[in-house]
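Results of the structural survey
Single-letter residue listing:
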Amino acid sequence: MKVPEVVVIGSGFSGLSAACFLARAGAKVTLVEKNATWGGRARLYEAQGFRFDMGPSWYWMPDVFERFFGHFGRKVSDQYTLQRLDPSYRIYFEGNRSLDVPASMVELEAIFEGLEPGSSVRLRQFLKESQIKYEAGIGDLVQRPGLSMFEYTNLTVLKGLLELDLLRSMKSYVARHFSHPDLVRLMEFPVLFLGAMPENTPALYSLMNYADLALGTWYPLGGMHKIVEAMVDLAESLGVQMKSNWEVTGFGYGPNGAIERVEGKTPQGISTVCCDAVVGGADYHHLDREVLEPEKSNYTERYWDRRKLAPSSLIFYIGLDRKLEGLLHHNLFFDADFGRHAREIYSDPRWPSDPLFYVCRASATDPTVAPEGMDNVFVLIPTAPGLEDTPSAREPYLSTVLQRIEQRCGFNPEPHIVHLRSYAHRDFVEDYHSYKGNAYGLANTLDQTAVLKPSIKSKKVPNLWFTGQLTNPGPGVPPALISGEVVSRALLKHYSMEL
Ligand SMILES: Cc1cc2nc3c(=O)[nH]c(=O)nc-3n(C[C@H](O)[C@H](O)[C@H](O)COP(=O)(O)OP(=O)(O)OC[C@H]3O[C@@H](n4cnc5c(N)ncnc54)[C@H](O)[C@@H]3O)c2cc1C
């Protein structure tokens with residue numbers, strides 16, 4: 001049988017993952033990427049001796065990474081050095097309170113007990129249940145392609161889904177266990193990674209609490225981009241042809257309507273790659289509505305407009321000429337009105353009036369990401385997607401953030417800024433063709449779960465598949481790795497090949 005030639009679009013985690021799986025199965029794979037560098041939203045930005053991870057900074061679910069590299073006979077420890085952070089992170093609350101979340105379960109239970117007597121027993125029970133959900137969710141549910149309801153309608157799976165609290169909200173589930181507001185905030189926080197509020201997120205996703213509190217927060221020395229580098233190395237070793245600065249602009253079709261040619265823009269001019277199949281790892285909406293001809297789109301513009309997107313972000317990459325002592329590696333500034341900021345993201349989209357934000361100080365752990373004696377500071381403010389992004393809209397937030405940092409650390413970082421870059425909606429659109437400037441894809445709400453997510457398979461073009469954070473299983477680095485695996489398995493099945 002002829003070896004299928006597959007073009008993978010995009011070098012984000014999902015595209016890289018798909019390229020590796022397909023190449024290992026024997027396909028001839030070409031990966032094309034519009035940008036000059038690899039990694040998509042996890043690219044590296046280097047300036048004045050600072051090395052900033054542009055997107056993800058939380059390394060959760062280490063088992064998923066281990067499993068990914070294990071498929072190829074590699075170990076994470078041979079690719080990069082992982083360090084468990086302890087404390088995992090700090091939350092700043094209103095009223096000058098803060099909470100350091102320890103790696104040790106004994107210490108964590110003591111904190112719970114101190115804030116709410118009796119809660120350590122409930123925490124143990126909560127985590128036992130979330131472990132079951134984690135094992136069922138990550139070990140089974142996310143591996144299903146979500147192409148048909150039949151994947152979920154066998155009785156055991158259905159019963160399991162109900163036991164997994166698919167129909168209860170994360171908010172009510174947490175409220176059933178804890179009442180101290182700081183504990184509630186701590187237990188609700190991880191689902192924010194999934195792009196929706198706890199009231200709109202199924203309690204199935206308390207599996208994220210297990211990932212957070214039991215499996216822990218890790219850091220790959222050198223930064224998150226080390227994962228990208230390891231995956232590019234793996235892809236090349238498997239024979240994947242990697243083409244950067246290669247932006248897909250259209251497809252050429254054969255008589256049966258299948259894609260025969262991928263057409264793209266390169267600095268040297270228009271280029272084409274012949275293929276038997278295509279895996280689209282670029283933003284789904286872009287491929288569906290901007291690259292495909294309208295009659296070949298899977299979904300209408302109205303469909304896309306009605307999707308609940310995960311937030312966009314306003315990010316500041318800041319280089320400081322001194323150490324911002326007092327901040328940990330991961331710091332959540334939940335010291336403002338949570339409800340108001342949430343409304344300004346989800347129900348009444350606007351630039352936030354008094355935002356919550358996140359500060360990553362990777363140089364607290366890793367001296368290689370900043371010049372000696374200096375600090376690498378990444379600030380992220382979640383924002384509604386689709387906002388009008390102008391310099392004047394971004395402008396007030398830097399001083400807001402710096403003032404709130406000063407209140408906690410006791411010194412004003414502003415005079416120490418030696419490098420500053422802001423990044424928001426316009427950049428997401430320009431760099432990644434992101435729909436409405438979203439940062440994390442599609443929210444994991446109940447009505448956007450499994451078969452209800454945009455399909456991994458085109459309904460109109462027989463050899464076109466989709467992967468990445470706008471399809472199954474959803475946003476985040478571990479889901480993107482899994483997404484590449486799931487789409488590869490489905491595509492290979494089509495060619496009677498195995499993963
Ligand atoms: C600011 C930020 C912080 C985050 N924090 C975390 C975190 O801490 N932990 C975590 O687990 N997750 C985090 N995430 C989410 C995680 O990074 C993403 O879910 C994941 O990286 C998405 O991977 P992807 O492959 O789906 O998409 P992408 O990384 O966007 O990859 C898509 C690729 O397609 C390319 N492309 C687009 N159009 C074309 C075209 N026409 N031709 C060729 N190529 C094209 C793009 O340039 C891009 O490289 C964060 C995301 C952001 C943005």
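Residues numbered from 1 in each chain as written. Predicted model: local features only at pLDDT ≥ 70, side-chain atom pairs only at ≥ 80, totals over all residues.

Right, let's talk about the overall build of the chain for a bit. For the chain, the count of helices and strands is 16 helices and 19 strands. For 499 residues, the compact-globule estimate of 2.2 N^0.38 gives 23 Å, and the chain sits close to it at 22 Å. Once the C-alpha set of the chain is aligned to its principal axes, its extents read approximately 70 × 55 × 45 Å. When each of the 499 residues of the chain is scored for burial, the buried share is 50%. (Helix = DSSP H or I, 4+ residues; strand = E, 2+ residues; numbered from the N terminus. Rg over C-alpha atoms; globule rule 2.2 N^0.38 Å. Buried ≥ 20, exposed ≤ 12 C-beta atoms within 10 Å, placed from the backbone.)

A word on the site of the ligand. The full set close to the ligand counts 38 residues, and Gly10, Gly12, Gly40, Ala282 and Gly468 are the nearest of them. Among the elements that line the shell around the ligand, the one with the most residues is helix H1 (residues 13-24), at 3 residues. Across the shell around the ligand, the residue classes break down as 16 nonpolar, 17 polar and 5 charged. Counting the residues that make up the shell around the ligand, at least three belong to each of domain 1 (5-43 + 60-80 + 223-307 + 444-494) and domain 3 (309-432). (Near = placed C-beta within 6 Å. Nonpolar A, V, L, I, M, F, W, Y, C, P; charged D, E, K, R; others polar. Domains from an automatic or database assignment.)

The alternating pattern of strand E16 (residues 357-360) places Phe357 and Val359 on one face and Tyr358 and Cys360 on the opposite face, and all of these are buried. Examined bridge by bridge, strand E15 (residues 330-334) and E16 share 4 bridges and lie antiparallel to one another. Looking across to E16, one finds that Phe333 is bridged to Phe357. Pairing geometry for E16 and strand E17 (residues 375-383), over 3 bridges, is antiparallel. Residue pairing in the sheet places Cys360 in a bridge with Phe378 of E17. (Pairing = 2+ DSSP bridges.)

Hydrogen bonds along the backbone pair up the strands of a sheet, which may run parallel or antiparallel. If you trace the 3 strands from one edge of the open sheet to the other, you get E10-E11-E12, paired in antiparallel fashion. Lying at the two open borders of the sheet, with one neighbouring strand each, are strand E10 (247-253) and strand E12 (269-274). With strand direction ignored, the average angle separating the axes of adjacent strands in the sheet is 25°. One ladder, built from 6 bridges, connects strand E11 (residues 259-266) with E12; its direction is antiparallel. When the sheet's bridge partners are listed, Val262 is paired in E12 with Val273. (Axes fitted to C-alpha atoms, helices over the stretch in contact; angles between N-to-C directions.)

Counting 146 residues, the largest nonpolar core has Ala19, Ala235, Val278 and Val379 as the members making the most contacts within it. Excluding its chain neighbours within four sequence positions, the residues that come into contact with Val379 are Ile315, Phe316, Ile318, Phe357, Val359 and Val401. (Core = buried A, V, L, I, M, F, W, Y, C linked by C-beta atoms within 7 Å. Contact = placed C-beta atoms within 7 Å.)

Taken as a whole, the chain is organised into domain 1 (5-43 + 60-80 + 223-307 + 444-494), domain 2 (104-214) and domain 3 (309-432). Once you take the C-alpha centre of each, domain 1 and domain 2 turn out to be 29 Å apart. Contacts between the two partners involve 22 residues from domain 1 and, on the opposite side, 21 residues from domain 2. Ranked by residue count, the leading element in the side of domain 1 that touches domain 2 is helix H16 (residues 477-494), at 4 residues. Of the residues belonging to the side of domain 1 that touches domain 2, the class tally is 13 nonpolar, 7 polar and 2 charged.

Turning next to the environment of Arg43. Turning to its location among the elements, Arg43 is positioned in the loop between strand E2 (28-32) and strand E3 (44-47). It is 10.0 Å that separates the C-alpha atoms of Arg43 and Glu229, two residues lying 186 residues apart in sequence. Apart from the residues within four sequence positions on either side, Arg43 is in contact with Asn35, Thr37 and Met54.

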